[in-house]
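Chain residues, written in single-letter form:
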Amino acid sequence: MNVLVVIVNYRTPALVVDCLRSLAPEAARVPGTHVVVTDNASPDDSVAQLSKAIADNGWSDWCTFLPLPKNGGFAYGNNEAIKHFCPEVSPAEAGPPKMRPEFVWLLNPDTIVLDGALTELVNFLKSHPAAGIAGGRAENRDGTVRRSSFRFHSPLGELESAVKFGPVTKVLQSHVVAPGIPETNEKVGWVSGASMLVRRAVFDQIGLLDDAYFMYFEETDFCLRCVRAGFECWYVPQSRIIHLVGQSSGV
């Protein structure tokens, strides 16, 4: 396996099925790609729906379904998949070694994968050995672009956000948390966890996501740890997804 793709479900099986359907051509395009869908103990019929969809659509060769015993949040759902397929990351909690992917793609269930989304991220990390994380461009259904790359929060950045006044913003431009959306590849502080490709070496060095974060800011924390460990984080706009924001969380 070269790429492990992780999708976390909680009560959104229809969204996951649509995501998998859009992902199928891309998974075939990138040799050695395997997808794992985890379910955070959804109280609906997600387990039955997803098991049936994977079997009925013939996705079993490249997609594994992994129901989990509790709803531990977004980071927990990702971590359990990574520990299951990359047990060396957490040997005390995992079974015998199975696979050792070079990259792990964290992908939201409320996304539609566009052509080349995974290919562009993989090619970028392969050609930029200092980069540990690469995130892509997120679009709305109408093609408008959403912010998905950011600077880290800082006291001056929080001041600018609170004031939002022209002269102040101009002086603090380099501290704005959400600057303009880049049109080309750009080194950034952190990227959205909706589409985030992580080099396996990052997990080997800094460990898994912090599942003390139930939802939100787990990717910010992870990117910060990654950068502090000496890796770079990049935004790669040629990798494109449609992000149906809030559909998976209700927020």
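Computed from a predicted structure; not experimentally measured.

Draft legend 1. Here's a closer look at the pattern of salt bridges. Taken as a whole and judged by the stated rule, the model has 9 salt bridges. Two residues, Glu 80 and Lys 83, come together in a salt bridge whose shortest N-O distance is 2.9 Å. In this pair, Glu 80 and Lys 83 are both assigned in helix α3 (residues 74-85), 3 residues apart and thus about one turn of the helix distant. Residues Arg 137 and Glu 139 are paired through a salt bridge, measuring 3.0 Å at the closest nitrogen-oxygen approach. Looking at Glu 139, the relative accessible area reads 4%, which means it is buried. Here the salt bridges share partners, and the residues they tie into one network are Arg 137, Glu 139 and Arg 240.

Draft legend 2. Focus on the pairing of strand β11 (residues 195-199). Counting buried positions along β11 yields 5 of 5 residues, so the element is predominantly enclosed. Neither face of β11 is left uncovered, since the one carrying Ser 195, Leu 197 and Arg 199 and the one carrying Met 196 and Val 198 both have all their residues buried. For strand β4 (residues 103-107) and β11, the ladder comprises 5 bridges, and the chain directions are antiparallel. Along β11, the bridge assignment pairs Leu 106 with Met 196. Bridge count for strand β6 (residues 131-139) against β11 is 3 bridges, and the pairing is antiparallel. Bridge pairing in β11 places Ile 133 opposite Val 198.

Cut-off values and rules
Residues numbered from 1 in each chain as written. Predicted model: local features only at pLDDT ≥ 70, side-chain atom pairs only at ≥ 80, totals over all residues. Heavy atoms only, no water. Salt bridge = Lys/Arg side-chain N within 4 Å of Asp/Glu carboxyl O. Helix = DSSP H or I, 4+ residues; strand = E, 2+ residues; numbered from the N terminus. Buried < 20%, exposed > 50% of the residue type's maximum accessible area, 1.4 Å probe, protein only. Pairing = 2+ DSSP bridges.

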